[in-house]
Amino acid sequence: MGASQQQLQELSQQLQEIDEQIDVLKEDVEAVRDEQDAVDEATDAIDQLESGSTVQVPLGGGAYVRATIEDIDEIIVELGADYALERDQEGAIDTLENKKDRLDDRIEELEGDIDELENESAQLEQQAQQIQQQAMQQQMQQMGQGQQEPDE
């Protein structure tokens, strides 16, 4: 295998690895967006609830129970890292909006990583094209030299 072929194979492998990393990051972005949607739904629900409202509370495994909200100012909000905090209605909404802001930041970070990888991929593709062009030029020169008739 020629040196240029080996370089092309290495570049191809690097491009494949970058594509796989990009796919993983895109899946991460989608997961964060799903979490944002859940935060939006919770914020809307908290905003609309009143003391005395009847709601269906998930128990897990697809089971729900009807419950009456006794006090809308006793909302437990997850903070992360297995911590939660009891907040009043307005405080719960603020906490969820802060969480959504952090999720926005995470999406921007992931999209920045994707952009960097896509730029790196474009550079590697350009390198591969240059190597292919050089190999073709060398091949053409060798063919031209082989067809010349010797001077007598």
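Keep in mind it's a predicted model, so treat the numbers as computed, not measured.

Undergrad: What is the right way to read the overall build of the protein chain from this model?
TA: Secondary structure assignment for the protein chain yields two helices and four strands. Traced from its N-terminal end to its C-terminal end, the protein chain shows the element sequence α-β-β-β-β-α. In terms of C-alpha radius of gyration, the protein chain reaches 29 Å, well past the compact-globule figure of 15 Å for 152 residues. The principal-axis extents of the C-alpha atoms in the protein chain amount to approximately 110 × 30 × 25 Å. Look at the contacts in the protein chain between residues 6 or more apart in sequence, and 52% of them connect residues 24 or more apart. Surface accessibility of the protein chain: about 11700 Å² in total, with carbon and sulfur atoms responsible for 41%.

Undergrad: Looking at this model, I keep getting lost on the pairing of strand 2 (residues 63–68). Mind explaining?
TA: On a regular strand, each side chain points to the face opposite its neighbour's, so the side chains alternate between the two faces of the sheet. Little of strand 2 sits inside the fold, with zero of its six residues counted as buried. Pairing geometry for strand 1 (residues 54–60) and strand 2, over six bridges, is antiparallel. Counterpart to proline 58 in the pairing with strand 2 is tyrosine 64. Two successive antiparallel strands, strand 1 and strand 2, enclose a turn made up of two residues, where glycine 61 displays a positive phi of approximately 65°.

Undergrad: How do you make sense of the confidence of the model for the protein chain when you look at a structure like this?
TA: The predicted coordinates should not be examined in detail at positions where pLDDT is low. Of the residues in the protein chain, 94% reach a pLDDT of 70 or more, and the chain-wide mean stands at 89. No element of the protein chain has a lower mean pLDDT than strand 3 (residues 75–80), which averages 89, and none a higher one than strand 2, which averages 94.

Undergrad: Whenever I open this one, the environment of valine 32 confuses me. Can you help?
TA: Among the secondary structure elements, valine 32 is positioned in helix 1 (residues 3–48). Taking the C-alpha atoms as reference points, valine 32 and aspartate 104, separated by 72 residues in sequence, lie 8.4 Å from one another.

Undergrad: Teacher, can you tell me more about a nonpolar patch on the surface here?
TA: Judged by side-chain polarity, Val57, Leu59 and Val65 come together as a nonpolar surface patch covering roughly 240 Å² of accessible area. By relative accessible area, valine 57 is classed as partly exposed at 32%.

Undergrad: What exactly am I supposed to notice about the pattern of salt bridges here?
TA: This model, assessed by the stated rule, comprises four salt bridges. Salt-bridge contacts for glutamate 35 lead to lysine 99; the nearest nitrogen and oxygen are separated by 3.8 Å. Of this pair, glutamate 35 sits in helix 1 while lysine 99 is found in helix 2 (residues 89–147), placing the two residues 64 residues apart along the sequence. According to the relative accessible area criterion, glutamate 35 is partly exposed, its value standing at 35%. When the shortest N-O distance is used, the salt bridge between lysine 100 and aspartate 40 registers 2.9 Å. On the criterion of sequence distance, the pair formed by lysine 100 in helix 2 and aspartate 40 in helix 1 is long-range, its members being 60 residues apart.

Undergrad: Explain the pairing of strand 4 (residues 83–87) here, please?
TA: Summarising the sheet, strand 3 and strand 4 pair through five bridges and their orientation is antiparallel. Looking across to strand 4, one finds that glutamate 78 is bridged to alanine 84. Count of turn residues in the strand 3/strand 4 antiparallel hairpin: two residues, of which alanine 81 carries a positive phi of about 55°.

Undergrad: Looking at this structure, how should I read helix 1?
TA: Working note: α-helix, 3.6 residues per turn, so residues spaced by three or four point in the same direction. The first and last C-alpha atoms of helix 1 sit 68 Å apart over 46 residues, in line with the 68 Å expected at 1.5 Å per residue. The complete set of buried residues in helix 1 reads Leu8, Leu11, Leu15, Ile18, Ile22, Leu25, Val29, Val32, Gln36, Val39, Thr43 and Ile46.

Undergrad: Any chance you could explain unusual backbone geometry here in plain terms?
TA: Peptide bonds are mostly trans, and most non-glycine residues show a negative phi. Positioned with a positive phi, alanine 81 is a non-glycine residue whose angle comes to about 55°. Its place among the elements puts alanine 81 in the loop between strand 3 and strand 4. Classification of alanine 81 by relative accessible area gives exposed; the value is 68%. Positive phi values are uncommon outside glycine, yet aspartate 82 reaches one of about 65°.

Rules used in this analysis
- Residues numbered from 1 in each chain as written.
- Predicted model: local features only at pLDDT ≥ 70, side-chain atom pairs only at ≥ 80, totals over all residues.
- Heavy atoms only, no water.
- Helix = DSSP H or I, 4+ residues; strand = E, 2+ residues; numbered from the N terminus.
- Rg over C-alpha atoms; globule rule 2.2 N^0.38 Å.
- Contact = heavy atoms within 4.5 Å.
- Areas by Shrake-Rupley, 256 points an atom, 1.4 Å probe, with all protein chains shown as cover.
- Buried < 20%, exposed > 50% of the residue type's maximum accessible area, 1.4 Å probe, protein only.
- Pairing = 2+ DSSP bridges.
- pLDDT = per-residue confidence, 0-100.
- Patch = residues over 30% accessible without salt bridge, like charges linked within 9 Å, V, L, I, M, F, W, Y side chains within 5 Å.
- Salt bridge = Lys/Arg side-chain N within 4 Å of Asp/Glu carboxyl O.
- Expected span 1.5 Å × (residues − 1).

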